Amino acid sequence: MASYELASQSTEDAFAKEDLICERSACAARILKGDPCFYIATIVIGQRGRFVCAACHRHYQGKAATSMRPTAQRPNPQANAQVIRQNINAAWKPAVAQQPPPRVMATSAGPDIAVPSSWAQPQPGYSVNHAQYGAERERWAKQAYAAPPAETISLEITAVREGGNRRKGARGIPFGNICEGRKDVDARIDAPGLITLSLDTVLPKIRAFAAGFPWRQDQFIVRDGGWVDLSTHPPRQPYFYLECMQATRKGLRAMTFKSKQFVLYVVVPTAQWEEYETWLDKVQEERFSMCSRSEPLFLPSATRSIHSSTHSSTLAGAGAQADSSTIASVEAPSEEEPSTAALSKAPVKRPFHREIASVPSSPPLKKVASANVGFHSPDREQLREVLQSGGTADIDAQQMLTVQHENIEFFPIPTRPLSVILEDPQLHAAFRTDTELSHSGRLTVQTSTNDMLGVGGFKTAHPGFLTLLSAPETPLGSRPRQKVAVKRPFYKKYPPGSSKNPINFSIGRYTISDELPKLFREANVLYWARALLTFAYEYIDHCVANSSETPPFHIPRLRFVEAGLALSHDHAQPGHKSKSMTMPRAGYLVEELITDDFIKYIHNMDCNPMLDPYEVGYEIAAFLACTQHIQYAKTGGLAFISDYQGGFEILSDPQVLTHPLVNNGKDVFGDGNIERAVSTFEKEHNCNKYCKWSGFKLKIYEAAKRGTETETDSAQDALE
C-alpha cells in the first residue's frame, strides 16, 4: 500500500466547493460545502491521491508512514505579502525567475498590497497559502504529463436488447455480436462516467449494425453484471473501486488493490427494438421489389458480355487472355446495371449462371517456394535426459481412480423476483425439478479427500467440471468443462465400539431416497434466498433514486452463486431390459466456484456481523446485516436471510429464517430455520450506519439501548 505525503494547497482549494465524501476508506465522512478539505498526495508517481476531511488530515500528520514534503513547509505567518506577490510573478515569467530574488525596499512607489489581518481565514488578495506557489506550480505541471493511474480496471461492454424469459433469470438478448473491451480504465470512475464510456464504445457498432435506422441513444440503459441500472447510482462515487480491494493475506487487516474485469450491458428498450424490426422489414421489402424490377435488365447485358468476350478471344487465339477478360466482364458490370451483390438476396432464377460456369477457368498458379528455414540438431545430452524422463513415466493409477465421471440431468436454480413468485404461487412458490427445465450433460468430480474444497457439518465440497449438451439460460454450464464446486450430503461413520470422536470418523453417503430430499431442501433455500436478496436491493435502489440526498457510503453489490441440482444416471447396458439401470443413483448440488477467500459474515443464529470493525470484510458484513433489517421490515417480520458467507462478491450456503406464524408446526426450510432468531430480531439487532441512513426510513433498533426507536413502526414499513 502506497505511503502518502501532505501537499500544500491554495486558499480556495483548502475548502470544499461542494458536498464531498472523505476518500479515506476507514472514514467516509461527509464534507459539507465550505468545510476544510485537504489533499493527501501519494509518493507513487502517476497515482492519484485523496481528498480527506480535517480529522483524517490530522491522522495522516501523525502517521509514521506519512512524509512531509520539504517544499511544502509553511512560511512565517508574518511573511511580507509583497515578497509573495513578486515570487508568484517570477513563477509566471521564466526570464524574471532567473534574475536574483528581489529585495524588499521601503518606497512609496508601486501598488499597495492589502495584507489580511488574519492569515487563518480566507481573504481576498495574496495570503500565506500562496508562498510556495512557484514550486507547487512546477510540480503539478510535471504530473500533468505523468503516466496513467496505477489503479485501473477492465470492462467488457455488450449490446443487448430487452427480452428473454425473465422468470428463468434471462438478462437481455445479445444482438449483432457487439462486445467490446476497454483496458486501463480508472478504477475510481463513477456511474455517469461508466455510462458515457459504454455509450461511446458501443454506439458506433450499433449504428454500423443497422445503418440508416435512427437510434435514440438517450433511451438506452446501461446496466452492470447484476442488472443494476447505473443511472440510479449517485455521481462522484467510485462504482467498482471497493470491489477491487482485497486482503493481502487471509486474516490480515491490510487491504490492497487488485485489478478486475467487470461486465456492462448497453440495453436497447423493447419499444425501440420493435421499431427497428418494423423498419428492417420495410427495407427488405423495398430491396426485394427493386431487385425484381432490375433482373431482366441485367441478364442480357451479362450474356452479351460473356459471348462477346468469348468470341473475341476465339478470334485472337489466346485462351488465357479470353479467360481473364471473361471473368472481368462478369465481375465488373457497368454503372447503370445493378451489381450481383445487390441481387444475391432476391429469390429469382438466374439462367446466366450456367453460361458463366461453362467458361473455362485459368490454370492454378504455381506454389511459391518458401524461404529457407534453418535446421539445428538438438543437444545430445539434453535429448538423452528428456528421453529417459519420458520413457520412464507412468500413470498415477490412484489419482485416476479418484476421478469420477457422471452422466447427469441438470436442473438450474433460477433467480426470480419476489413479485413474480407472488403473482403465481402455485407455479413459483418453490424450486421445481420439471424435466422440461432440465439439461443433459456430464459432470466430473474429484472425490479424493486430499482434493476436497472443504467439509461442513453435513456436506462435503469437491472440485469438478461441468459440461452441458445444451446451453442453459444461466451462466453456469454455458461453456464446456466449467470449473464448479460439487456438494453432497454425508453422515459420520464411527468405528464399531468406539466413542463418537469428532476427528476419528469416515464419510458415509445416504441412499438416493434419503439424499434427494436433503439436496432439494438446499436448492429450495438458495432459490428463496436469491429472491429475498433481490427484494432488498430493489428497495435500496428505490430509496436511493427517490432520496433528496445521496447515501454517505458505498453500497456493495453481492449475489448468491449460480447453482443447480444434478442427478446422476448409470449407463444402460445394451440389450438390458431392466429399467433400474436408468434410474438416478446419486445427487449433487453443483455451484459456481468461489475463488476469493471464504468469510463467514453473519452466523445463522445472529442478526449482527460476526467480524470486528478492524477485520477484513466488516463493511460487507454490516451491509448484509442491514439487508436483514430491510427484509424483516418489508416482509412484516415474517422472514429474512441469515448465515451469510462466501467471498467478496459471491455468497453461498444461506439459510432462510421465518416467523413461527409461517412455520405453524411444519418443517419450513429445513433444520437450520431457527424461529427464535426472527421472534427476537428487534431485541438482538444493532443498527449500523447503513440502517440509520434517513433515506431507508427504517426503524432504529439498538440491543444495548432500548427505547430509542424512531421513524415509522414495523407495520407501516411493511406497507411502504
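Residues numbered from 1 in each chain as written. Predicted model: local features only at pLDDT ≥ 70, side-chain atom pairs only at ≥ 80, totals over all residues. Heavy atoms only, no water.

Undergrad: In this structure, what is going on with the nonpolar core? I would like to understand it.
TA: Within soluble globular proteins, side chains that are nonpolar generally end up buried alongside one another. By size, the foremost hydrophobic cluster in this structure holds 69 residues, and its most contacted members are Y601, L624 and Y644. At the level of secondary structure, the elements contributing two or more residues to this core comprise α11 (418–423), α13 (512–546), β21 (563–569), α14 (618–634), β24 (639–642), β26 (650–651), β27 (655–658) and α16 (675–679). Tallying contributions element by element places α13 first for this core, with 17 residues. One finds L197, V202, F213 and W215 within the second-largest nonpolar core, a separate group that totals 35 residues. (Core = buried A, V, L, I, M, F, W, Y, C linked by side-chain atoms within 4.5 Å. Buried < 20%, exposed > 50% of the residue type's maximum accessible area, 1.4 Å probe, protein only. Helix = DSSP H or I, 4+ residues; strand = E, 2+ residues; numbered from the N terminus.)

Undergrad: Help me out: how do you make sense of helix α1 (residues 54–62) in this one?
TA: Each α-helix turn comprises 3.6 residues. Residues three or four places apart therefore point the same way. Among all positions in α1, only C56, H57 and Y60 are buried. In an axial view of α1, the angular spread of the buried residues amounts to 105 degrees, which keeps them on one side of the axis. The exposed residues of α1 that point more than 90 degrees off its buried face are R58 and G62. (Arc of directions from axis to C-beta.)

Undergrad: Honestly, the side chain of E243 in this entry has me stumped. Any pointers?
TA: Mapped onto the secondary structure, E243 falls in the loop between β9 (221–224) and β10 (245–247). Although E243 is buried, it forms no salt bridge, and the closest oppositely charged side chain is K260 at an N-O distance of 6.4 Å. Sequence-distant contacts of E243, that is, excluding residues within four places in its chain, are made with K260, F262, R557 and E649. (Lys, Arg positive; Asp, Glu negative; His and termini not counted. Salt bridge = Lys/Arg side-chain N within 4 Å of Asp/Glu carboxyl O. Contact = heavy atoms within 4.5 Å.)

Undergrad: Explain the pattern of salt bridges here, please?
TA: Two side chains that carry opposite charge are able to pair once their charged atoms sit near each other. Under the criterion given, the structure shown has 22 salt bridges. For E180, the salt bridge goes to K205, with nearest N and O atoms at 3.8 Å. Separated by 25 residues along the polypeptide, E180 in strand β8 (residues 173–186) and K205 in helix α5 (residues 191–209) bring together distant segments of the chain. Owing to a relative accessible area of 41%, K205 belongs among the partly exposed residues under this scheme. Sharing partners across several salt bridges, the network here consists of K459, K487, E522, E591 and D653.

Undergrad: Even after reading the chapter, I still don't get the environment of A41, so can you show me in this structure?
TA: Note on placement: A41 falls in strand β4 (residues 38–42). Taking relative accessible area as the criterion, A41 reaches 5% and is therefore assigned buried. Along the chain, A41 and F51 lie 10 residues apart, while their C-alpha atoms are 8.8 Å from each other.

Undergrad: Looking at this structure, how should I read α14?
TA: Under the 1.5 Å per step criterion, the end-to-end length of α14 is 24 Å for 17 residues, consistent within 8% with the ideal 24 Å. α14 sits mainly inside the fold: 15 of its 17 residues count as buried. G636 lies just past α14 and shows a positive phi near 70 degrees. (Expected span 1.5 Å × (residues − 1).)

Function cannot be inferred from these measures alone, as they are strictly geometric.
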